[in-house]
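So the chains spell out like this:
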Amino acid sequence: MELKNADVIIIGAGLTGLSIAYYLKRNGRSPIVIEKADKPGGVISTHSENGFIYESGPNTGVLSTPEIAALFDDLSGESILETANKDSAKRYIMKGGKWQAIPSGLLSAVATPLFTFSDKFRILGEPFRKPGMNPDESVADMVIRRMGRSFLDYAVDPFISGVYAGDPSILVTRYALPKLYALEHNYGSFIKGSIKKGREKKSEAEKKATREVFSAKGGLGTLISGLADATGNEKIVCGASGIKIEPGKSGFVVSFKSREGIDVTANSKTVISTAGSYNLPDLLPFLPVDALEPLLSLKYASVVQVAAGYKKWGGLHLDAFGGLVPSKENRDILGIFSPQSFPRQALKEEHSYLCSLAV
Ligand SMILES: Cc1cc2nc3c(=O)[nH]c(=O)nc-3n(C[C@H](O)[C@H](O)[C@H](O)COP(=O)(O)OP(=O)(O)OC[C@H]3O[C@@H](n4cnc5c(N)ncnc54)[C@H](O)[C@@H]3O)c2cc1C
């Protein structure tokens, strides 16, 4: 069987694949998405049980770019952006087995036990420190050089774990934290750069990058169903197996077995893979493995997420967005997130907790 009318074929129906398909369709193209799982969404999956909403993948994001707000605007009602309560701005970092609030002002920054006295003093000299010379400097080296070891251990390391489940001594700053890198590169200092950037006039689009924590009303699963509905569910082929991409007469031929066991082919000039790079040798059998080596050397972190719902909660006072656990604490746990930040999940006495474990 041949699938017709695909001018772009996208492999993978996670958030990346579906967003590409949706915007291609809005721009008059005709994409087809081929997914090996039984449903779209990739790592995003929301389900409801006994009045709780559980996210088994990501639970929130940060409105760090105008495009995120634009996506929700464009989906107009298919998925509704929900931002976290203002009082959830508080976050904790674990030190010596105890949760310590991240400083939110000058006084708390001076008093916090998270950073050493000498690093607190050293930070005053950050605006006068020379910029680095190595464009591929790791996050760890850059933060130690500019701010000191305790800032790496008890601010940047847990932040990096929360975002990438990654190791700051391996991640290269200009790729992992491009905005931080740009502060030193463009302004010579994190502090000077943050102040100057804060004063720069923002465009209407940039103002939408509010840095607020967001989810979607009803859970992030509505973002997936909204994108799939707006793209056209008939354009998303799930349950495909043995997917292969090979050069054809005019572009590429993608072949796979459908959920029903039928052999299917589709032709297209453009094929986009959003699957993890470790899938590429199977997807692209015509390419020698050596040619894929740079992509195959990418490291992926394994993360287990545990979500629990409580009808009655007698534990910690839930007054924060969550807490992160620095790797120095040797706990095999990346962090804990309290969905109380979103009113829909805070059903008076009912609480659900979610934590990510590094394995
Ligand atoms: C547990 C967890 C928690 C997270 N928490 C957050 C968070 O709180 N905030 C945040 O901003 N980000 C978070 N993230 C990251 C964020 O979820 C991802 O960056 C994003 O959802 C990735 O989307 P994607 O489409 O690129 O990849 P994926 O969601 O992995 O989708 C890739 C798709 O490709 C399919 N596929 C793979 N191989 C093939 C193949 N050979 N053929 C066909 N299809 C294939 C897969 O089945 C999958 O559906 C989290 C991630 C995880 C795993």
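Predicted model only: the values in this text are computed from it and were never measured.

**Focus: the overall build of the protein**
Consideration 1: For the protein, the count of helices and strands is 13 helices and 19 strands.
Consideration 2: For the protein, the C-alpha radius of gyration of 23 Å lies close to 21 Å, the compact-globule estimate for 359 residues.
Consideration 3: For the protein, the C-alpha atoms occupy an extent of roughly 70 × 55 × 40 Å along the three principal directions.
Consideration 4: Scored against the burial criterion, the 359 residues of the protein give a buried share of 31%.
Consideration 5: Across the protein, contacts joining residues at least 24 apart in sequence account for 64% of those joining residues at least 6 apart.

**Focus on the sheet that holds strand E14 (residues 263-268)**
Consideration 1: The strand order across the open sheet formed by four strands is E1-E14-E13-E12, and the pairing between neighbours is mixed. Edge positions in the sheet fall to strand E1 (2-3) and strand E12 (241-248), since each of these pairs with one other strand and no more.
Consideration 2: Where E1 lies against E14, two bridges are found, and the strand directions are parallel. Among the inter-strand pairings, glutamate 2 is bridged to a residue of E14, identified as threonine 265.

**Some points on the site of the ligand**
Consideration 1: Around the ligand sit 26 residues in total, of which Gly12, Gly14, Gly42, Pro58 and Ala275 are the nearest.
Consideration 2: Among the elements that make up the shell around the ligand, the one with the highest residue count is helix H1 (residues 15-26) (three residues).
Consideration 3: Taken together, the residues of the shell around the ligand break down into twelve nonpolar, twelve polar and two charged.

**What to know about the domain arrangement of the protein**
Consideration 1: Split into domains, the protein comes out as domain 1 (2-40 + 220-296), domain 2 (45-101 + 212-217 + 301-359) and domain 3 (115-207).
Consideration 2: The C-alpha centroid of domain 2 is placed 31 Å from the C-alpha centroid of domain 1.
Consideration 3: The interface is formed by eight residues belonging to domain 1 together with eleven residues belonging to domain 2.
Consideration 4: The dominant element in the side of domain 1 that touches domain 2, judged by the number of residues it contributes, is helix H11 (residues 221-231), at six residues.
Consideration 5: Counted by class, the side of domain 1 that touches domain 2 contains three nonpolar, four polar and one charged residues.

**Remarks on unusual backbone geometry**
Consideration 1: With phi around 20°, serine 76 is a residue other than glycine that occupies positive phi space.
Consideration 2: Its location among the elements puts serine 76 in the loop between helix H2 (66-74) and strand E7 (81-83).
Consideration 3: Here the phi dihedral of arginine 211 falls at roughly 65°; this positive angle occurs in a residue that is not glycine.
Consideration 4: Looking at the element boundaries, arginine 211 is found in the loop between helix H10 (204-207) and strand E10 (213-216).

**Some details on the packing of helix H5 (residues 139-146) against helix H6 (residues 149-164)**
Consideration 1: Between H5 and H6, the least distance of the axes is 9 Å, while the angle of their chain directions is 140°. Where H5 crosses over H6, the handedness of that crossing is right-handed. Residues Val139, Ala140, Val143 and Ile144 of H5 form the contact with H6, whose own contacting residues are Arg149, Phe151, Leu152, Val156 and Ile160.
Consideration 2: A per-class count over the contact of H5 with H6 returns eight nonpolar, no polar and one charged.

**Comments concerning the nonpolar core**
Consideration 1: Counting 30 residues, the largest nonpolar core has Ile9, Leu18, Ile32, Val33, Ile34 and Val254 as the members making the most contacts within it.
Consideration 2: Elements represented by at least two residues in this core include exactly strand E2 (8-11), H1, strand E3 (31-34), H11, strand E11 (236-237), E12 and strand E13 (251-257).
Consideration 3: Considering each element in turn, this core owes the most residues, five residues, to H1.
Consideration 4: Once residues within four sequence positions are removed from consideration, leucine 18 is found in contact with Ala13, Val33, Pro40, Ile224, Leu227, Ala228 and Thr231.
Consideration 5: With 25 residues, the next largest nonpolar core counts Leu177, Val213, Val325 and Leu334 among its residues.

**Some words on the sheet that holds E11**
Consideration 1: The sheet built from four strands is open, its strands ordered E11-E3-E2-E15 with parallel pairing. Only two strands of the sheet have a single neighbouring strand rather than two, namely E11 and strand E15 (270-273).
Consideration 2: Together, E2, E3 and E15 form the strand contacts of H1, whose direction differs from that of E3 by roughly 165°.

**Quick look at the pairing of E3**
Consideration 1: Where burial is concerned, the two faces of E3 agree: the one with Pro31 and Val33 and the one with Ile32 and Ile34 are both buried.
Consideration 2: The pairing of E2 with E3 spans four bridges and is parallel. In the sheet register, isoleucine 11 faces E3, and the bridge partner there is isoleucine 34.
Consideration 3: Each parallel crossover has a hand, and for E2 linked through H1 to E3 it is right-handed.
Consideration 4: As defined by bridge partners, E3 adjoins E11 across two bridges and the pair is classed as parallel. Each bridged residue has a counterpart across the sheet, and for valine 33 the counterpart in E11 is isoleucine 236.

Calculation rules
Throughout, a residue's number is its position along its own chain's written sequence, starting from 1. Owing to the predicted nature of the model, reporting of local features is limited to residues with pLDDT of at least 70; listing and counting of side-chain atom pairs is limited to 80 or more, with chain, interface and lining totals taken over all residues. The way it works is that DSSP assigns letters per residue, a run of H or I at least four long becomes a helix, a run of E at least two long becomes a strand, and they are numbered from the N terminus. Our radius of gyration is a C-alpha quantity, and the globule rule it is checked against amounts to 2.2 Å times the number of residues to the power 0.38. Three exposure classes are used, based on other C-beta atoms lying within 10 Å of a residue's own C-beta, which is placed from the backbone: buried for 20 or more, exposed for 12 or fewer, and partly exposed in between. Here, residue contact means that the backbone-derived C-beta atoms of the two residues sit within 7 Å. Strands qualify as paired when DSSP identifies two bridges or more between them. Think of it this way: take the backbone, place a C-beta atom on it, and check whether that atom is within 6 Å of the molecule or strand, in which case the residue is near it. Charged residues are taken to be Asp, Glu, Lys and Arg, nonpolar residues to be Ala, Val, Leu, Ile, Met, Phe, Trp, Tyr, Cys and Pro, and polar residues to be all remaining types, Gly included. Here the limits of each domain have been adopted from an automatic or database domain assignment. Each axis is a line fitted through C-alpha atoms, taken for helices only over the stretch in contact, and angles between the N-to-C directions span 0 to 180 degrees. Here a crossing is called left-handed whenever its near helix is offset anticlockwise from the far helix by less than a right angle, and right-handed whenever the offset is clockwise. A set of buried Ala, Val, Leu, Ile, Met, Phe, Trp, Tyr and Cys residues, joined through C-beta atoms within 7 Å, is what we mean by a nonpolar core. Note on handedness: a clockwise path from strand one over the helix to strand two, with the strands aimed away from the viewer, defines a right-handed crossover.

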